[in-house]
Amino acid sequence: MQRLSSQLQQSNTPPELVSLIDLIAVACKDIAHRLQQGAMSGVLGSAGEENVQGETQKKLDVISNDLLKDYLLASGTVRGLASEEEEGIVAGSDKGGYLVAFDPLDGSSNIDINSMVGTIFSIFKAPATDAVSEQDFLQPGRNQAAAGYVLYGPSVMLVLSTGEGVQMYTLDQRIGEFVLTVEKVAIAKDTKEFAINMSNQRFWAEPMQRYIGDLLAGSDGPREKNFNMRWVAAMVADVHRILCRGGLFTYPWDNREPNKPGKLRLMYEANPMGMLVEQAGGLAYTDTGPILDVQPEQIHQRVPVILGAANEVATCVAYHAK
Ligand code: AFP
């Protein structure tokens, strides 16, 4: 089976980007090992600190963030990085050709219950200028050179796009390498499965309440078919399910904190997942337009997210246009 680096070398991926992606894969194999050790290596539970998002950090959030930072900053290919766990950007090598934004461990609330978590990354070409600034990261997601995630599940899987479709790799523990297991991911245009945290229903805007209400009405309702629901509480796992068997995922705006556009972060959750979903033939929208066209204003900016099966996303967005 084709290993990650040889698969990338055969594509049109620039050599420096191949080595950067390979390096992220190495860092994630290290994170996978820490996760699999779990309680035996004392890495579960809270780190007792809050991050810039005001969220209590888990020990593994900090460990994963430090691991990725160390690997990326030592590589020479990274001009700068942005992380969910870092307040500002972190400068790397002046000669680095790429910027990397990442969520080191998405789904942290799943760590202590041995459920699925993942690492999400977004890669941009570095600017021609010398000193890197936050401004250099504030590019629409459509400019990404590559995007992907590593899902720490029963299998450890790396899912990646460099702009030539979406490929899936599975970690072969015998040889310690990611091997190609899906050459071309395709999301069906229609679906009967949706993912949303239903406990927030009373806080949603009216169009989302109406859209979800029509899904729940099933075959007797306006959609004239029954729908199934899933919610893993880790975007990386819900998106992986959609890339594998279709569906719609949404984390909409809600009025609990009206000034917050949504829970998910644009730079290192919505943008990378948006590139993967679009490259697999799906759609990824905020409530008004494609996520990848959003002009970022700050690196921890949040957006509402509706992504997955193209026809179903279009239907959901149409409820907001009425
Ligand atoms: P954590 O990393 O804090 O667990 O948040 C995960 C996440 O950002 C995203 O991965 C999930 O889809 C979403 O939040 C789950 O949010 P709820 O816990 O509100 O359902």
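Criteria and cut-off values
Residues numbered from 1 in each chain as written. Predicted model: local features only at pLDDT ≥ 70, side-chain atom pairs only at ≥ 80, totals over all residues. Heavy atoms only, no water. UniProt positions renumbered as here; feature names shortened; annotations may be inferred. Helix = DSSP H or I, 4+ residues; strand = E, 2+ residues; numbered from the N terminus. Contact = heavy atoms within 4.5 Å. Pairing = 2+ DSSP bridges. Axes fitted to C-alpha atoms, helices over the stretch in contact; angles between N-to-C directions. Near = heavy atom within 4 Å. Polar contact = N/O pair within 3.5 Å; in protein donor to acceptor, adjacent residues only side chain to side chain. Areas by Shrake-Rupley, 256 points an atom, 1.4 Å probe, with all protein chains shown as cover. Nonpolar A, V, L, I, M, F, W, Y, C, P; charged D, E, K, R; others polar. Domains from an automatic or database assignment. Buried area = accessible area lost by both parts, 1.4 Å probe. Salt bridge = Lys/Arg side-chain N within 4 Å of Asp/Glu carboxyl O. Buried < 20%, exposed > 50% of the residue type's maximum accessible area, 1.4 Å probe, protein only.

- In the annotation of an unreviewed UniProt entry, the protein is listed under the name Fructose-1,6-bisphosphatase class 1 and assigned to Oceanicoccus sagamiensis.
- The UniProt entry for the protein carries the following comment under Pathway (unreviewed entry): "Carbohydrate biosynthesis."

**Looking at the UniProt feature "binding site: Mg(2+) 1" (unreviewed entry) in the protein**
Next, step 1: Here the UniProt-annotated "binding site: Mg(2+) 1" (unreviewed entry) positions come out as E84, D103 and L105. These annotated residues cover 22 residues of sequence, but their C-alpha atoms sit close together, with the largest distance between any two at 9.0 Å.
Next, step 2: Inspection of the secondary structure assignment puts D103 in strand β5 (residues 98–106).
Next, step 3: The contact partners of D103, leaving out residues within four places of it in the chain, are E84, G118, T119, I120, Y268 and E269.
Next, step 4: Mapping L105 onto the fold places it in strand β5.
Next, step 5: Contact partners of L105, with chain neighbours within four places excluded, come to I31, L35, L60, D61, S64, I111, V117, G118, T119 and Y152.

**Remarks on the sheet that holds strand β4 (residues 90–91)**
Next, step 1: An order of β4-β3-β5-β6-β7-β8-β9-β10 is seen for the eight strands of this open sheet, with the pairing classed as mixed. Since the sheet does not close on itself, it has two edges, and those belong to β4 and β10 (177–182), each with one partner.
Next, step 2: Across the sheet, helix α3 (residues 59–75) lies against β3 (78–83), β4, β5 and β6 (117–125), angled at about 160° from β5, the strand it touches most.

**Concerning the site of the ligand**
Next, step 1: Residues in close proximity to the ligand total 15 residues, the closest being D106, G107, N197, M235 and Y251.
Next, step 2: Within the contact set of the ligand, an oxygen atom lies 2.6 Å away from a side-chain nitrogen or oxygen of D106.
Next, step 3: In this structure, an oxygen atom belonging to the ligand sits 2.7 Å away from a main-chain N or O atom of M235.
Next, step 4: Protein burial of the ligand: of its 480 Å² of free accessible surface, 86% is covered by the chains.
Next, step 5: Residues of the shell around the ligand, tallied by class, amount to seven nonpolar, four polar and four charged.
Next, step 6: Of the domains in this structure, domain 1 (4–182) and domain 2 (193–321) are the two that each give at least three residues to the shell around the ligand.

**Side note on the domain arrangement of the protein**
Interface size, as often reported, equals the accessible area lost upon joining of the parts.
Next, step 1: What the domain assignment reports for the protein is domain 1 (4–182) and domain 2 (193–321).
Next, step 2: Taking only C-alpha atoms into account, the centre of domain 1 sits 23 Å from that of domain 2.
Next, step 3: On the side of domain 2, 33 residues touch domain 1, which itself brings 50 residues to the contact.
Next, step 4: For the pair domain 1 and domain 2, the summed buried surface comes to about 3000 Å²; carbon and sulfur atoms form 62% of the total.
Next, step 5: Interface area lost by domain 1 to domain 2 is led by L138, R142 and Y149, which between them contribute 20%.
Next, step 6: For the pair domain 1 and domain 2, the number of links is three salt bridges.
Next, step 7: Put simply, R142 and E278 hold a salt bridge, and the shortest N to O gap is 2.7 Å.
Next, step 8: The tally of links from domain 1 across to domain 2 stands at 15 residue pairs in polar contact (both at pLDDT 80 or more).

**So, the pairing of strand β8 (residues 156–161)**
Next, step 1: With six of six residues buried, β8 lies mostly within the body of the structure.
Next, step 2: Alternating positions in β8 separate into two faces, V156, L158 and L160 on one and M157, V159 and S161 on the other, with burial throughout.
Next, step 3: Bridge count for strand β7 (residues 146–152) against β8 is six bridges, and the pairing is antiparallel. Across the sheet, residue Y152 finds its bridge partner in β8, namely V156.
Next, step 4: Where β7 folds back onto β8 in an antiparallel hairpin, the turn is made up of three residues.
Next, step 5: Remark: five residues form the turn of the hairpin made by β8 and strand β9 (residues 167–172), two consecutive strands paired antiparallel; G163 in that turn has positive phi of roughly 100°.

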